[in-house]
Amino acid sequence: MKKIVVLTGAGISAESGISTFRDAGGLWEQHDIMEVASIDGWHKNQALVLDFYNQRRRQLLEVQPNAGHFALVALEKKYDVHIITQNVDDLHEQAGSKNVLHLHGELRKARSCKDETLIYNWDQDITSEDKCEQGSQLRPHIVWFGEMVPMMEKAALETMTADILLIIGTSLQVYPAASLMNFAPEDTPIYYIDPNPEIISNDDFFHIIAEKATIGVPMVVEKLLQTV
Ligand code: NAD
């Protein structure tokens, strides 16, 4: 079975109703990125950061996966599919994808500020009253700007053995995630699905599908299923 690695970003969840960060009307127009999504912001104003992620979590509980997420599940019929997502939502899992690696954390989890191995499933708001079993404050299980990306090495290793790479709905501006495609073996076919693609390449192996995820992903998946 050929191995497909899929790198997804905020764009795949946009049509489910979750705002991206950088698009017009996106979250960064309403919030200062360094105030709400950085480790410095957390140290400065925990209440503000908790409130930002509490709102995101409440919104996530009201939305559903879309045709883009579901198409990737169908791909598993004929391929060994590994999803590496920058998203903190769990819409890939809700759709039924089996292998999902979260590079930037998970909204429906909370973790201890003192011991990062203490991670809890968490669907309510996180408040200043919520502590881990060692008595330290709980924080969102999110990788913030200014923090290490612990899953990066695993993601790079997955990408190094890809036969095909799909990149969906990402502005490729957040590092190190954006550098992942450089780990794919030379001449690996890459399909980049995004209505506003960042890269223009003349390479025969690099295919740009300038479509929204609900159109572009099923299109590419159908083509890949037919060629096995
Ligand atoms: P981004 O906001 O920087 O870029 C979004 C990309 O999605 C853009 O390239 C845009 O053209 C594309 N897009 C917009 N609508 C689309 C659609 N319908 N179909 C396909 N693509 C579409 O997001 P990013 O590149 O993922 O990186 C930013 C960071 O934002 C990540 O670290 C991620 O953790 C975080 N984020 C996550 C979520 C989520 O979990 N759903 C939401 C917002 C931001």
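Residues numbered from 1 in each chain as written. Predicted model: local features only at pLDDT ≥ 70, side-chain atom pairs only at ≥ 80, totals over all residues. Heavy atoms only, no water.

## So, the domain arrangement of the protein chain
And step 1. What the domain assignment reports for the protein chain is domain 1 (1-18 + 65-104 + 149-228) and domain 2 (19-62 + 108-142).
And step 2. The C-alpha centroid of domain 2 is placed 25 Å from the C-alpha centroid of domain 1.
And step 3. The partner domain 2 presents eight residues to the 14 residues of domain 1 that form the contact.
And step 4. Taken together, both faces of the contact between domain 1 and domain 2 bury some 870 Å²; the carbon and sulfur share is 55%.
And step 5. Of all residues in domain 1, Ile18, Val88 and Asp90 give up the largest surface area on contact with domain 2, accounting jointly for 43% of the area buried on that side. (Domains from an automatic or database assignment. Contact = heavy atoms within 4.5 Å. Buried area = accessible area lost by both parts, 1.4 Å probe.)

## Regarding the nonpolar core
And step 1. Residues Tyr53 and Trp144 are the most contacted members of the largest nonpolar core, which totals 23 residues.
And step 2. Among the elements of the structure, helix H2 (27-30), helix H4 (39-44), helix H5 (46-60), strand S4 (105-112) and strand S6 (138-142) are those that each provide at least two residues to this core.
And step 3. Apart from the residues within four sequence positions on either side, Trp144 is in contact with Val36, Ala37, Ser38, Ile39, Trp42, Val49, Tyr53 and Arg139. (Core = buried A, V, L, I, M, F, W, Y, C linked by side-chain atoms within 4.5 Å. Buried < 20%, exposed > 50% of the residue type's maximum accessible area, 1.4 Å probe, protein only. Helix = DSSP H or I, 4+ residues; strand = E, 2+ residues; numbered from the N terminus.)

## Considerations on the sheet that holds strand S1 (residues 3-8)
And step 1. The sheet built from six strands is open, its strands ordered S3-S2-S1-S7-S8-S9 with parallel pairing. Edge positions in the sheet fall to strand S3 (100-102) and strand S9 (206-209), since each has one partner strand and no second. Within this sheet the neighbouring strands show an average axis-to-axis angle of 15°, counted without direction.
And step 2. Across six bridges, the pairing between S1 and strand S2 (residues 80-85) is parallel. Opposite Lys3, over in S2, you have Asp80 as the bridge partner. (Pairing = 2+ DSSP bridges. Axes fitted to C-alpha atoms, helices over the stretch in contact; angles between N-to-C directions.)

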